[in-house]
Amino acid sequence: MGFIQRVIKRLPSSQNLPILDEGKTKGKSTSRLAFSRRPLRLRANSRISIPLGVVLLFPCIVVVLILVLFVRHPKSGVSILMPAGAPPAIRKISEDHDKVFVTGCLEPDTSKPRANAAFVVLARNKELDGVIQSVKSIERHFNRWYHYPYVFLNDEKFNETFRETIQNYTSGTVEFGLIDPKTWGFPDWIDPKVAKEGIAKQGDQAIMYGGMESYHAMCRFYSGFFYKHELLTKYEWYWRLEPEIKYFCDITYDPFLKMIETNKTYAFTIAVKELKETVPNIFRYASAYKRVNNITSQGLWEMFVEPPPDEPKEEDTTPNKELPEEILRGDPNRANLPPIDGEAMEGEKYNMCHFWSNFEIARLSWFRSKEYEDFFQMMDRSGGFWMERWGDAPIHSLAAGALLAPKDIHYFRDFGYRHTTIQHCPANAPLSRQLTRQPYLEMTTLDEKKRREEDEYWESWDAPRENGVGCRCRCDTDIVDVEGKQGSCLAEWVDAAGGWSSP
């Protein structure tokens, strides 16, 4: 009480305030400032004092900070009251040929029959830790609801440790298969010595993975053989998983059923440019396949072709039209032939774009079709899988460009996905399209504290943003999203899909 009485005594009363004329504005403002500057001692005998204005302002600052923190929390419903004049978080793409299947979250509907589909994982025994990471991620964000089966393939037998460990992490059935050496090693029509020399040369040139024989074999297997494996013959759809990948968003619907419903054939989540030195001649053969089979583009081939250069304006040669042909032949401008582009085929040049196939969902009957088989055989017989370092990603992409249309392709823009240092992670959809997340305690973690901490991490997802499409995404922030990086082929896909539909 003594402290409050001292404060009251120090407050100015009406008779203590100076009476100023209306014209003495300067004196009035000075008086107000003096009031706020009046020292307030914490104790009667203390040398420390605080300006009265600071004491009165402090509670207001605290209230403002509380409001700001509350509004900015990702699970706070107050954020919908914030001004909506900011630019969109992401630009919308035309829906003429394709659109996001689900914006935000749904309650997982597990009552429908599952698609005839499986996850396919090509891995080795030594990659167990990376495979566990991938399986844990897809189980947490999708398969804990839908329980799709897994097919693991290896060019060597999986050991018991790998088999037993993996089955502890999966909610669907698991099968382990051995790859036929005939579909993994050098084919009988190529000289192994020549192929090995070509691979060694690529290693000397420091071409990424170019000196690894197993990498060449893997790319060829994924280009023309994986879908023929005996364990996959019973399936119609596949979802490719790689070791050491990560998903960022909950996938609360069945993408296989959506692909079937919309009559899609192939789906991707990242499109980037290939390293030029790995595929110097790939477009030459892909273009030859298209020409030999008299294939006309359905609108997707252009995604993988550099736009034609602007036509140079024709010079006015009207005065020369009346000159004799003999004189015109001597014109140096007519005598010089246009330069030849060694990489262009039929006037077209590969822009290095491809769907990044370490994630893909696809209809296996397309890979098994005669058209795709003919394409693969032409590419394979060229020797490019060995003498160059052709990846399965540009093979799948160029085949799709020749054989499919934009309406057959789906872009999983709502999937948050990362492999190595490339990732795509969408902005979260508005709060009205988000749903409360059910806890998921991953039981293979023996430490109860760690188990709960892992689940709590995903409970605090990123704030929703205008035009966002993701469901409860929590994105890694150590690298830039591929949509905004140089080397992305999003713009090429957008052109093929019909263009941007928002500024």
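None of these values were measured; they are calculated from a predicted model. (Residues numbered from 1 in each chain as written. Predicted model: local features only at pLDDT ≥ 70, side-chain atom pairs only at ≥ 80, totals over all residues. Heavy atoms only, no water.)

Enquirer: It is not clear to me how the overall build of the chain should be interpreted in this structure. Could you clarify?
Expert: When you go through the chain residue by residue, the secondary structure sums to 17 helices and 14 strands. Here the analysis covers contacts within the chain between residues at least 6 apart in sequence; of these, 82% occur between residues at least 24 apart. On the chain, roughly 28,000 Å² of surface is accessible, and the fraction owed to carbon and sulfur atoms is 55%. (Helix = DSSP H or I, 4+ residues; strand = E, 2+ residues; numbered from the N terminus. Contact = heavy atoms within 4.5 Å. Areas by Shrake-Rupley, 256 points an atom, 1.4 Å probe, with all protein chains shown as cover.)

Enquirer: Just checking my understanding: could you explain the state of the cysteines for this structure?
Expert: Defined simply, a disulfide is a covalent bond joining two cysteines at their sulfur atoms. The tally for this structure, following the rule as stated, stands at four disulfides. Sulfur-sulfur distance for the disulfide between Cys249 and Cys473 comes to 2.0 Å. Around the S-S axis, the bridge from Cys249 to Cys473 shows a dihedral of about 110° and counts as right-handed. In this pair, Cys249 sits in the loop between β7 (245–247) and α8 (255–261) while Cys473 sits in the loop between α16 (448–459) and α17 (490–497), placing the two residues 224 residues apart along the sequence. The pair formed by Cys249 and Cys473 is uniform in burial state, with each residue classed as buried. With its sulfur 2.0 Å from that of its partner, Cys425 forms a disulfide with Cys475. Disulfide Cys425-Cys475: the torsion about the S-S bond is -75°, which places it as left-handed. With Cys425 in the loop between β14 (422–424) and α16 and Cys475 in the loop between α16 and α17, this pair connects stretches of sequence that are 50 residues apart. Residue classification places Cys475 among the buried residues on the basis of a relative accessible area of 17%. (Disulfide = S-S within 2.5 Å. Buried < 20%, exposed > 50% of the residue type's maximum accessible area, 1.4 Å probe, protein only.)

Enquirer: Just checking my understanding: could you explain the nonpolar core for this structure?
Expert: Side chains that are nonpolar tend, in soluble globular proteins, to be buried together. Membership of the largest hydrophobic core comes to 67 residues, with the highest contact counts inside it found for Phe226, Leu300, Trp366, Phe367, Tyr372, Leu398 and Trp493. When sequence neighbours within four positions are dropped, the list of residues in contact with Trp493 reads Asp98, Phe268, Leu300, Met303, Pro406, Ile409 and Tyr411. Core analysis: the next-biggest nonpolar cluster, separate from the first, contains 43 residues, Ala117, Leu241, Phe256 and Val482 among them. (Core = buried A, V, L, I, M, F, W, Y, C linked by side-chain atoms within 4.5 Å.)

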